[in-house]
Amino acid sequence: MTVTEDRAATGAPEKEVGKPRRRKEDARLITGRTLWTDNLVLPGLLHMSVVRSPVAHARITGIDVSAAQQAPGVLAVLTGRDLADEQGSLPCAWPVTPDMVNPGAPAVAVDQVNHVGEAVAVVVARSRAAAADALELVDVDYEPLPPVLDMEAALAEGADLVHPGTASNRSYHWVFDGGEAGTAADTEQAFADAEVVVSRRFVQQRLIPAFMEPRSVVVQPQGDNYTVWSATQVPHILRLMLSMVTGIPEHKVKVIAPDVGGGFGGKLQVTPEEVLTLLAARRVGRPVKWTETRSESLMSAHHGRDQIQYIDIAADREGNVKGLRCRILADMGAYLRLITPGVPVLGAFMFIGIYKFPAYRFECDGVFTTKTPTDAYRGAGRPEATFAIERIMDELAVELGMDPLEVRRKNWIRAEEFPFTTAAGLEYDSGDYEAATQKALELIGYDELRAEQRRRRESGDPVQLGIGFSTFTEMCGIAPSRVLGSLSYGAGGWEQASIRMLPTGKVEVVTGTSPHGQGHETAWSQIVADQLGVPFEDVEVLHGDTAVSARGLDTYGSRSLVVGGVAVVKAAEKVVAKARRVAAHLLEASEDDLDFAGGSFSVRGTPGTSVSIQEVSLACFTSHNFPEGMEPSIDAEATFDPENFSFPHGTHICAAEVDTETGRVTIRKYACVDDIGEIVNPLIVEGQVHGGLAQGIAQALYEEAVYDADGNLTTGTFVDYLVPSAADLPHFDTGNTVSPALANPLGAKGVGEAGTIASTPAVVNAALDAVRHLGVTDIRMPLTPERVWRALQGGGDGGDRATAGTTAYGGAQTETTAGVSTPQSSLGGDR
Amino acid sequence: MTQISVRVDGVTYADDVEPRTLLVNYLREQVGKVGTVVGCDTSNCGACTVLLDGVAVKSCTVLAVQADEAEVTTIEGVAAPDGTLHPLQRAFHELHGLQCGFCTPGMIMASIDLLRDHPDPSETEIREGIEGNLCRCTGYQNIVRAVQHAAGEMSGRARSDGPASDRSASPADVDTAAAPHAVVRA
Ligand code: FES
Ligand code: FES
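Residues numbered from 1 in each chain as written. Chains lettered and ligands numbered in written order. Predicted model: local features only at pLDDT ≥ 70, side-chain atom pairs only at ≥ 80, totals over all residues. Heavy atoms only, no water.

Draft legend 1. Fine view of the overall build of chain A. Of regular secondary structure, chain A possesses 22 helices and 28 strands. Over its C-alpha trace chain A gives a radius of gyration of 28 Å, about what one expects of a compact globule, namely 28 Å for 831 residues. By principal-axis analysis of the C-alpha atoms, chain A measures approximately 85 × 75 × 60 Å. In chain A, the proportion of contacts linking residues at least 24 apart, taken out of those at least 6 apart, comes to 79%. Counting only carbon and sulfur atoms, one obtains 49% of the accessible surface of chain A, whose full area is about 26,900 Å². (Helix = DSSP H or I, 4+ residues; strand = E, 2+ residues; numbered from the N terminus. Rg over C-alpha atoms; globule rule 2.2 N^0.38 Å. Contact = heavy atoms within 4.5 Å. Areas by Shrake-Rupley, 256 points an atom, 1.4 Å probe, with all protein chains shown as cover.)

Draft legend 2. Here's a closer look at the sheet that holds strand β1 (residues 2–8) of chain B. All names here are of chain B. Read from one edge to the other, the open sheet built from five strands follows the order β2-β1-β5-β3-β4, with strand pairing classed as mixed. Bordering the open sheet on either side are β2 (11–17) and β4 (55–58), each of which pairs with just one other strand. Averaged over all pairs of adjacent strands, the angle between strand axes in this sheet comes to 40°, irrespective of strand direction. Most of the contacts of helix α1 (residues 23–31) go to β2, to which it runs at about 105°, and overall it touches β1, β2, β3 (49–52) and β5 (71–73). (Pairing = 2+ DSSP bridges. Axes fitted to C-alpha atoms, helices over the stretch in contact; angles between N-to-C directions.)

Draft legend 3. Geometry of the interface of chain A and chain B. With 83 residues of chain A at the interface, the matching set in chain B holds 72 residues. Carbon and sulfur atoms make up 55% of the area that chain A and chain B hide from each other, which totals about 6,500 Å². For the pair chain A and chain B, the interface holds six salt bridges. Put simply, R136 of chain B and E703 of chain A hold a salt bridge, and the shortest N to O gap is 2.6 Å. Across the contact surface, chain A and chain B share 26 residue pairs in polar contact (both at pLDDT 80 or more). Elements represented by at least two residues in the side of chain A that touches chain B include exactly α1 (26–29), α4 (128–135), α10 (294–300), α14 (433–444), α20 (682–701) and β28 (732–738) of chain A. When residues in the side of chain A that touches chain B are grouped by element, the largest group, nine residues, is from α20 of chain A. (Buried area = accessible area lost by both parts, 1.4 Å probe. Salt bridge = Lys/Arg side-chain N within 4 Å of Asp/Glu carboxyl O. Polar contact = N/O pair within 3.5 Å; in protein donor to acceptor, adjacent residues only side chain to side chain.)

Draft legend 4. Up close: the pattern of salt bridges. All names here are of chain A. The full count for this structure, using the stated rule, is 66 salt bridges over all chains. Across the pair E395 and R200 runs a salt bridge, and its minimum N-O distance is 2.9 Å. With a gap of 195 residues between them, E395 in helix α12 (residues 382–400) and R200 in strand β8 (residues 196–207) connect regions that are remote in the sequence. Look at R200 and you get partly exposed, because its relative accessible area is 27%. Across the pair R604 and D595 runs a salt bridge, and its minimum N-O distance is 2.9 Å. (Buried < 20%, exposed > 50% of the residue type's maximum accessible area, 1.4 Å probe, protein only.)

Draft legend 5. Structural detail: the domain arrangement of chain B. Residues and elements named next belong to chain B. Partitioning chain B into domains gives domain 1 (2–77) and domain 2 (87–168). On a C-alpha basis, the centroid separation for the pair domain 1 and domain 2 is 23 Å. At the junction of the two partners, domain 1 supplies 18 residues and domain 2 supplies 13 residues. Summed over both partners, the interface of domain 1 with domain 2 comes to about 1,100 Å²; 64% of that surface belongs to carbon and sulfur atoms. Here domain 1 and domain 2 share zero salt bridges between them. The interface formed by domain 1 and domain 2 holds six residue pairs in polar contact (both at pLDDT 80 or more) in total. Elements with a contribution of two residues or more to the side of domain 1 that touches domain 2: β3 and β4. Residues of the side of domain 1 that touches domain 2, tallied by class, amount to nine nonpolar, eight polar and one charged. (Domains from an automatic or database assignment. Nonpolar A, V, L, I, M, F, W, Y, C, P; charged D, E, K, R; others polar.)

Draft legend 6. Representation of the confidence of the model for chain A within the structure. Residue and element names in this part refer to chain A. Summarising the model, chain A shows a mean pLDDT of 94, and 95% of its residues fall at 70 or more. The low-confidence segment residues 1–10 (pLDDT under 50) makes 21 contacts with residues lying over four places distant or belonging to another chain. Counting interchain partners and residues more than four positions distant, the pLDDT-below-50 stretch residues 804–831 has 80 contacts. (pLDDT = per-residue confidence, 0-100.)

Draft legend 7. Representation of the packing of helix α2 (residues 87–94) of chain B against helix α3 (residues 104–117) of chain B. All names here are of chain B. Two elements in contact, α2 and α3, have axes whose closest approach is 10 Å; the angle formed by their N-to-C orientations is 125°. Between α2 and α3, the crossing angle belongs to the class labelled oblique. Crossing of α2 over α3 shows right-handed handedness. Between α2 and α3, the residues in contact are L88, Q89 and F92 and T104, M107, I108, S111, I112 and L115, respectively. When the residues that make up the contact of α2 with α3 are grouped by side-chain class, the tally is six nonpolar, three polar and no charged. (Parallel < 35°, antiparallel > 145°, perpendicular 65-115°, else oblique. Left-handed = near helix turned anticlockwise from the far one by under 90°.)

Draft legend 8. Just the side chain of D9 of chain B, in detail. Residue and element names in this part refer to chain B. Inspection of the secondary structure assignment puts D9 in the loop between β1 and β2. Owing to a relative accessible area of 18%, D9 belongs among the buried residues under this scheme. Among the polar contacts made by the side chain of D9, one reaches the side chain of K33 at a distance of 2.9 Å. D9 has contacts with K33, V72, T73, T74, E76 and G77, leaving out every residue within four places of it along the chain.

Draft legend 9. Geometry of the packing of aromatic side chains. Residues and elements named next belong to chain A. Here the structure, examined in full by the defined rule, presents 15 aromatic pairs over all chains. Considering the side-chain rings of W94 and Y489, the 5.0 Å spacing of their centres and the 65° angle between planes classify their relative orientation as edge-to-face. Here W94, found in the loop between α3 (80–83) and β4 (112–113), pairs with Y489, found in the loop between α16 (481–486) and β19 (495–501); they are 395 residues apart in sequence, far enough to count as distant. Taken together, W174, F176, F349, F351, Y360 and F362 form an aromatic cluster joined through their ring pairs. (Phe/Tyr/Trp six-rings, centres within 6.5 Å; stacked < 30°, edge-to-face > 60°.)

Draft legend 10. A look at the environment of V245 of chain A. Residue and element names in this part refer to chain A. Among the secondary structure elements, V245 is positioned in helix α8 (residues 235–246). Note on V245: relative accessible area 11%, which makes it buried. Put simply, V245 and F621 are 376 residues apart on the chain and 43 Å apart in space, counted from C-alpha to C-alpha. When residues no more than four places from it in sequence are discounted, the contact partners of V245 are E86, Q87, G88, S89, P91 and V275.

This is how it looks when you write it as structure tokens:
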């Protein structure tokens, strides 16, 4: 590879942490030398395809596989009946209440299908094409059941049931009451006493994570051992769960996440197809690969968001908030996947945001519908919470005739009040909301924009300008294990790292995190370079293979740096402590007299006597001259369990233009200042913020998974589900303030989800600010031109989106050249 | 089966293909060019973009038989034979224009085509020029910077003379990768 970087030729090594190091990962990615799971070819490899339900809700009355079985190249056709005794139930690791209803989730349907796209059979064949061809030959008889699509109707008395044998479509009812928990005052009383109460109903539309690399699984059986390659965020969790689901002993299963092309929570899952590929490989005794098509992915990989939120805020006339009450309906979809029920619970503590609410109550119903299951999508619960609070703060400001920033400022926690325990019982460690806000106002050029807004309003310009705020915080760095336990989560939140010192002085770092775009190989190298005083280039980071990285809890919830990175620091500290003992022996000095700096141990006050950590490493290898009673190794491992979450925060400001004639919303300027604590690599941080913003803005303006009245997903391709292109997104002006986290030695807070969590309400608030004077009080997300136009014409929130025909989009697309075309017509703006 | 002869990244291949085989599947499964990837089934994502006789195409919209007697360049063939990276590859690396990297081969191939037609593109021209290529990770900003930076390098121009309304990748961007990223210590 020719991607190299010069090291600064200075004497004392520069600190690596804080440098915008170009990424080590890039070398293979920019040259096409990547190991995506689908690239993998093994001797005798077979291909699996999945027969999927075309109906939302039906009993399976018969499956005829005979024609498929006779098709050329087909080795096996397996139905739910065939696999019923060995497939177990897909795991749900988060029973949020003791009486939560979990009807179980078969990897392949046996008697009944409960959403479009659910697996009903699999075909294993010699080639991908043969497996796909044979799908058509599997004949399934369905006896239709009524679809259950609307959450509120699903909870009504006498509603059709998704799952037979359940008492209702409610999976659980989960409550956090600050008064009862002793973390806040009585909410009912606060509302009874309030001078002002504002109530709103917000809809968090259903979204699709839409990672760019489609999911793919390869399973190689070798005797009673199975090696599973999967495009997953969670190889460690997957290994454990595959073992628990199938009964194959854990030590007989090895999982490898090779290069993984994005996840965003969408690959934080134990999928039906992972189980099915494993079972199929076991049946046929040969390696089997399954790679999904994009349409399969959009239809059957888990979705995100999908909540109806009833939010009440109480305040006095001066704008001091007195209480917050949230009632949430959360669509589980047809089944409870890995953390489906827990997603709203992750948000439950964040509805109060950065504000000093004296009273707080949250309750949530998890509801079954005949749709694709929901689960984590970037932010998982916290974007929903942030949207609700940042929208309702604007509504309160409007009600009181106050400036939206003024209302926020009046109520937010001031810098000198940290650490601050909130009405939800969380202790926010550090932050400075005023500093971030000031910086963001400067970045966006606030006063000029307000002046322009006035001019446009006065002149009745058809294009109106609005400015929207989101002063957000989030809890991340999942998580203190004890807290997860108290929330009934099925696992801990620690992370593991080990460091191996090689005889040549090079360093291997094994991490339990599982990056899929986040640049851990680079950032962890920077951390270790500082800790051990070795060159950045001399560090190799190993991850994603459970045989190499035996323990870990993987990557999600902005946890990798603040938990996994800290584990690396702790392991390095142990290496240095061991090396110190060896160095003292080699230098014939006392350990206490040694200084360690720049990778060398030296005897204090005795210039010229020193030994490098590389020399110590070699001394360990030979072990010829080693301290008495010490094992000849300075390798070390560490497991870190944080004491607290971390609480990044920031101020996001969006300036949006609304064309009142067409309804089109265009982001004119977007500025954000995030406080994510200390920064290890500003380049990677900036990239995470950009990508997060894109996804949060996409929720506000573009994306929505739409089902028709029969329960068909009508946004099942990239033609209809609008992942924004470069032309659909603005330039971002980003900045940081730094309030170091107190819960970890890196002082870092986590950045993976911040942009997504913060941006959505800023955009919606901006659009509303542009048209409020025209009588618009709310617009349902995504703010398509059609919805905005309808809201402008007739009031209301713009209503449901049309389920067919996609001219409602604001993006620069609506058509495709699907299928085969000539080279001349096959590139460029054809989306 | 149809016999085709295709030159891929400088090597000639003679192969039998099914008439329905898409170029991308031929490249991946028969030629072993797995650097080119498939991201969708509706020709929306651009992940599969390659150069066909020098022109960028989405290789999932072209039949392998249509590439008979043609020259195909994939991401694996854009660096010089001695391994020197293409300016766009370098720029994506320098300006952090990729995260997971799944869209990157297609982005780079589409950008090669864009810069051939527009050697000095504005930000808007770049955004519109790569609009057929989806990226879920980066929010595109650093991709835009990378293309601008490569354009400057390829034409040997300093990039400070761009239209005022468009932001170009100034050396400051390149050095700190953070401008106009501002940091305040609280
Ligand atoms: S795979 Fe060719 S455009 Fe998506
Ligand atoms: S870098 Fe991941 S999709 Fe573009």
